[in-house]
Amino acid sequence: GGQPIPKPIKDTSLKLVNDKKHPWKPLRAGDQRGPCPGLNALASHGWLPRSGVATPGEIVTAVQNGYNMEWTRAVLVTYAAFLVNGNPLTNLLSIGESRGMSWLTGHAPPPPALASGLNTHGTFEGDASLTRSDAFLGDNHSFNETLFQQLIDISNKVGGGKYNVSAAAEMRFQRVQDSIARNPNFNFANPRFNTAFIEAVFPIVFFIDGRLQEAGETGLDLDVMRGFFQDHRMPKDFHRRGTPTGASDSELDFVMAAHDYVPGFNNGSVNSFVADPNFMGTQTETVCALYEKFVNSTVSLYPSPHGDLRKALNKNLDNFYVAVESRCDQIKPYH
Ligand code: HEM
Ligand code: MG
């Protein structure tokens, strides 16, 4: 139960990743894709299994290889998702799937466990996504052309025709305003309050060709963006960035500071947004609050695990903690 985390990759240079060994291929019947354009493209280029069903170790390695995502951040996001959406008994996660379809990753632990992939609303996947609808309003995982047109308009107005930090800031804000106005169940509390900003910056950090980044480019071409978001496709000749990183603080700060944001939710009706008084839990640092939130979600999905299941959960919780060990106290719910 549970496997060790693969070591960081050694070669972190700028290099061609849409190469001969990793051609884009169209979906076959049954292949899973979901709300994350980063993972979708890795699967459609064979950096992840093309089925869209992978182990957490494969995901940690693939996001480093494909985009040069820094190892610690890769571990943080991957194990957060794996704990709430993966199957600890088979060590498999679907990057799509959804509630009620959990056979793809093998026999699932008993309810309230879900083990039902990244499409599952309300654990990791959340509201006010850039190019996907809120679950309450429609399809929470497929590319939405109306939203992408809105992103194009904003990028033309404030990004000089590209998706840059200014466009990210405006799109993030409009998506939140739209959810407050139309989704009575809108949830913008931790962890979504954190992931929503990180994901708004990811396209700028990871989808701009590494050679362009080194030449000073700070905006993402909108056709390239559509390729990733709609077709799970890297542009021809795509080179990953030349340094390992995550969402940079300067870009995140810019997007967050551009408008007033409060973590919270609508109270069952539209335009009823209230702040979440328990945003930080018992923590003082944001990343530790996020860590605590995912540990608590894991406990509500697995209230009293035994045997192999307990062993696997403990291993995955330990793996998750590795990403924050220098900053947060470990929470050990099953010890
Ligand atoms: C969104 C998972 C890495 C780019 C998401 C969502 C999930 C997810 C569950 C849906 C959240 C939502 O919008 O409601 C993961 C996991 C990763 C990972 C488990 C493992 C490391 C990456 C990487 C990139 C990326 C490396 C970029 C190269 C994005 C973007 C979105 C997103 C841009 C927002 C899509 C939108 O709002 O329309 N991811 N992700 N992700 N992810 Fe990932
Ligand atoms: Mg979403």
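Here, the structure is the one placed above.
Just so it is clear, the model here is predicted, and its values are computed rather than measured. (Residues numbered from 1 in each chain as written. Chains lettered and ligands numbered in written order. Predicted model: local features only at pLDDT ≥ 70, side-chain atom pairs only at ≥ 80, totals over all residues. Heavy atoms only, no water.)

Draft legend 1. Inspection of the overall build of the chain at higher detail. When helices and strands are counted, the chain shows eleven helices and seven strands. For a compact globule of 335 residues, the expected C-alpha radius of gyration is about 20 Å, and the chain comes in at 19 Å, within 12% of that figure. Residues classed as buried in the chain amount to 53% of the 335 residues present. Considering only intrachain contacts with a sequence separation of at least 6, the fraction spanning at least 24 residues in the chain is 67%. Across the chain, the centroid of the 30 positively charged side chains sits 7 Å from that of the 33 negatively charged ones. (Helix = DSSP H or I, 4+ residues; strand = E, 2+ residues; numbered from the N terminus. Rg over C-alpha atoms; globule rule 2.2 N^0.38 Å. Buried < 20%, exposed > 50% of the residue type's maximum accessible area, 1.4 Å probe, protein only. Contact = heavy atoms within 4.5 Å. Lys, Arg positive; Asp, Glu negative; His and termini not counted. Charge placed at Lys NZ, Arg CZ, Asp CG, Glu CD.)

Draft legend 2. How the structure looks around the sheet that holds strand β4 (residues 187-188). Spatial strand order, β4-β6-β7: three strands in an open sheet with antiparallel pairing. At either margin of the open sheet sits one strand with a lone partner, and together these are β4 and β7 (274-275). In the sheet, strand β6 (residues 264-265) pairs with β7 via two bridges, with the strands oriented antiparallel. Within β7, the position partnered with F265 by the bridge is V274. (Pairing = 2+ DSSP bridges.)

Draft legend 3. Broad picture of the coordination of the magnesium ion (ligand 2). Those donors, E125 (OE), G126 (O) and S129 (OG), are the protein atoms that reach the magnesium ion (ligand 2), and they lie 2.0 to 2.1 Å from it. Motif for the magnesium ion (ligand 2), donor spacing along one chain: E-G-x2-S. (Donors = N, O, S within 2.8 Å, 3.2 Å for Na, K, Ca; no water.)

Draft legend 4. Representation of the state of the cysteines within the structure. In the structure shown here, the tally under the stated rule is one disulfide. With a sulfur-sulfur separation of 2.1 Å, C288 is cross-linked through a disulfide to C328. Taking the sign of the S-S torsion, about -85° here, the bridge from C288 to C328 comes out left-handed. On the criterion of sequence distance, the pair formed by C288 in helix α10 (residues 286-301) and C328 in the segment after α11 (307-322) is long-range, its members being 40 residues apart. The pair formed by C288 and C328 is uniform in burial state, with each residue classed as buried. (Disulfide = S-S within 2.5 Å.)

Draft legend 5. Highlighting the packing of helix α2 (residues 56-67) against helix α3 (residues 71-85). At a minimum axis distance of 9 Å, the contact between α2 and α3 shows a crossing angle of 145°. Handedness of the α2/α3 crossing: right-handed. Here α2 contributes P56, G57, I59, V60, V63 and Q64 to the contact with α3, which in turn contributes W71, A74, V75, T78, Y79 and F82. Its residues assigned to classes, the contact of α2 with α3 comprises nine nonpolar, three polar and no charged. (Axes fitted to C-alpha atoms, helices over the stretch in contact; angles between N-to-C directions. Left-handed = near helix turned anticlockwise from the far one by under 90°. Nonpolar A, V, L, I, M, F, W, Y, C, P; charged D, E, K, R; others polar.)

Draft legend 6. Highlighting the coordination of the iron atom of ligand 1. Donation to the iron atom of ligand 1 from the protein comes from one atom only, C36 (SG), at 2.3 Å. Locating C36 in the fold gives a position in the segment before α1 (37-44).

Draft legend 7. Spatial organisation of the site of ligand 1. Taken together, 27 residues form the shell around ligand 1, and within it C36, G126, S129, L130 and T131 come nearest. For ligand 1, an oxygen atom lies 2.6 Å from a polar atom in the side chain of S129. Within the contact set of ligand 1, an oxygen atom lies 3.4 Å away from a side-chain nitrogen or oxygen of R192. Going through the elements one at a time, α1, α2, α3 and α6 (192-206) are the ones with two or more residues in the shell around ligand 1. (Near = heavy atom within 4 Å. Polar contact = N/O pair within 3.5 Å; in protein donor to acceptor, adjacent residues only side chain to side chain.)

Draft legend 8. Up close: the side chain of D134. Looking at the secondary structure, you find D134 in the loop between β2 (93-94) and α4 (145-158). The side chain of D134 is buried and forms no salt bridge, while R175, the nearest opposite charge, is found at 4.1 Å. Polar side-chain contacts of D134 include one of 2.9 Å to the side chain of N183. Excluding residues that lie within four positions of it along the chain, D134 makes contacts with D127, A128, S129, R175, S179, N183 and F186. (Salt bridge = Lys/Arg side-chain N within 4 Å of Asp/Glu carboxyl O.)

Draft legend 9. Representation of unusual backbone geometry. For the peptide bond that leads from P111 to P112, omega is 5°, which places it in the cis range. Counting through the fold element by element, P112 comes out in the loop between β2 and α4. Put simply, N190 and P191 share a cis peptide bond, and its omega is 10°. For P191, the position within the fold is in the loop between β4 and α6. Positioned with a positive phi, H232 is a non-glycine residue whose angle comes to about 60°. For H232, the location among the structural elements is in the loop between α8 (222-231) and α9 (249-257).

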